[in-house]
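# Coordinate inspection notes
Spelled out from the first residue to the last, the chains are:
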Amino acid sequence: MEPFILTYEPTLRLAAFAAVLAVMVIWEVLAPRRSRSLSRRQRWPANLGIVVLNTVIVRLLFPAAAVGVALSAETHGWGLLNLYAVPAWVAFAAGIVLLDAAIYLQHVMFHAVPALWRLHRMHHADLDIDVTTGARFHPAEIVLSMLIKFALIAALGVPPAAVVLFEVLLNATSMFNHGNVRIPPAAEPLLRWLLVTPDMHRVHHSIERDETNSNFGFNLSLWDRLFGTYRARPRAGHEAMTIGIPDFRDAAECNALGGMLAIPFHGARQAPRGPLSTEVHHGEDVVHP
């Protein structure tokens, strides 16, 4: 099983990425949630170009990827889940949930620490939001995130199969919750009790600073509710809200590959975005600085 996972992990991830991307593109065409502020032709070449660049960089720097770390941890007995004789299914499920919690905390950290925000703000500088935004991250952030993930996998002892599934889920849910798609109004509030939906995560891409500092989750919506960073909706509404960050509004900079790659090296135009505490009372949001 382990050689199979290690051998076919890139193929499994690529197939899942392509399938989810295709489904989301069709969904966006058939049932968009918002009108586009920029055309796909203006945004997609750079957003998809950064995906190709990141894939090449990761494969060159980390040929064994995260599953290779998991296989080493399993072989050497590293990590919390390898220290105790827990059933395989418990280790599998716990590994996925613990990694999801760690991704939430990492996301908060990338907003709160000035040097990390410089990297992460390229993701937020997209002037519109759709499925391609979910894969738009600076190469330096991707490399740093991989190193953090490696350390977490080794410390937790996450099983290799759980790592592969988590990576597939993380890519899929990122594309899903950035999607410009309409979910039936009766279903969306129920779905977001479990998963981060597009309407929930879109708030995080608001130009309003307090709204950007909310809804950090990628997969399970539990973490935002648990840690007080949940916000139900943008003040301006989903159709009228402005996407992006105030100091990066030039399409030539925000939606061109060269301009995107240079964003971390510009001056600190905007203060880092430490998270704010958000509470919901009777369906309304109350934000405490």
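Structural data are supplied above this passage.
This section reports on the structure supplied with the text.

### Some details on the nonpolar core
If you look at the biggest cluster of nonpolar residues, it comprises 20 residues, and the most contacted ones within it are Phe62, Leu99, Phe150, Ile153, Val158, Val163 and Phe166. Put simply, the parts of the chain that give this core at least two residues each are α3 (65-76), α5 (88-112), α7 (139-156) and α8 (160-177). Top element by residues in this core is α7. It accounts for five residues. Setting aside residues no more than four positions away along its own chain, Val158 makes contact with Ala70, Leu81, Gly95, Leu99, Ile153 and Val163.

### Description of unusual backbone geometry
A positive phi is found at Ala65, a non-glycine position, where the angle reads about 60°. Tracing the backbone shows Ala65 in helix α3.

### Here's the deal with the side chain of His123
Along the polypeptide, His123 turns up in helix α6 (residues 114-124). For His123, the side chain forms a polar contact with the side chain of His178, separated by 3.2 Å. When sequence neighbours within four positions are dropped, the list of residues in contact with His123 reads Thr133, Arg136, Phe137, His178 and His205.

### Details of the environment of Val113
Here Val113 is to be found in the loop between α5 and α6. The sequence separation of Val113 and Leu14 amounts to 99 residues, and the corresponding C-alpha distance is 32 Å.

### Let's talk about α7
Counting along an α-helix, one turn takes 3.6 residues, and residues three or four places apart therefore face a common direction. Here α7 is 18 residues long and its end C-alpha atoms lie 25 Å apart, about the 26 Å a rise of 1.5 Å per residue gives. Listed in full, the buried residues belonging to α7 are Pro139, Glu141, Val143, Ser145, Met146, Lys149, Phe150, Ile153 and Leu156. Positive phi shows up at Gly157, right after α7, with a value of about 70°.

### Points about the packing of aromatic side chains
Evaluation of the coordinates by the stated rule reveals four aromatic pairs. Ring centres 5.1 Å apart and planes at 85° place the aromatic pair Phe62 and Phe150 in the edge-to-face group. On the criterion of sequence distance, the pair formed by Phe62 in the loop between α2 (40-61) and α3 and Phe150 in helix α7 is long-range, its members being 88 residues apart. Phe150 shares its class with Phe62; the two are buried. Among the aromatic side chains, those forming a connected cluster through ring pairs are Tyr104, Phe216 and Phe227. The ring centre of Trp193 lies 3.9 Å from the NZ or CZ of Arg225, which sits over that ring. A cation over an aromatic ring shows up here: Arg225 above the ring of Tyr230, its NZ or CZ 4.3 Å from the ring centre.

Calculation rules
- Residues numbered from 1 in each chain as written.
- Predicted model: local features only at pLDDT ≥ 70, side-chain atom pairs only at ≥ 80, totals over all residues.
- Heavy atoms only, no water.
- Core = buried A, V, L, I, M, F, W, Y, C linked by side-chain atoms within 4.5 Å.
- Buried < 20%, exposed > 50% of the residue type's maximum accessible area, 1.4 Å probe, protein only.
- Helix = DSSP H or I, 4+ residues; strand = E, 2+ residues; numbered from the N terminus.
- Contact = heavy atoms within 4.5 Å.
- Polar contact = N/O pair within 3.5 Å; in protein donor to acceptor, adjacent residues only side chain to side chain.
- Expected span 1.5 Å × (residues − 1).
- Phe/Tyr/Trp six-rings, centres within 6.5 Å; stacked < 30°, edge-to-face > 60°.
- Lys NZ or Arg CZ within 6 Å of the ring centre and 35° of its normal.

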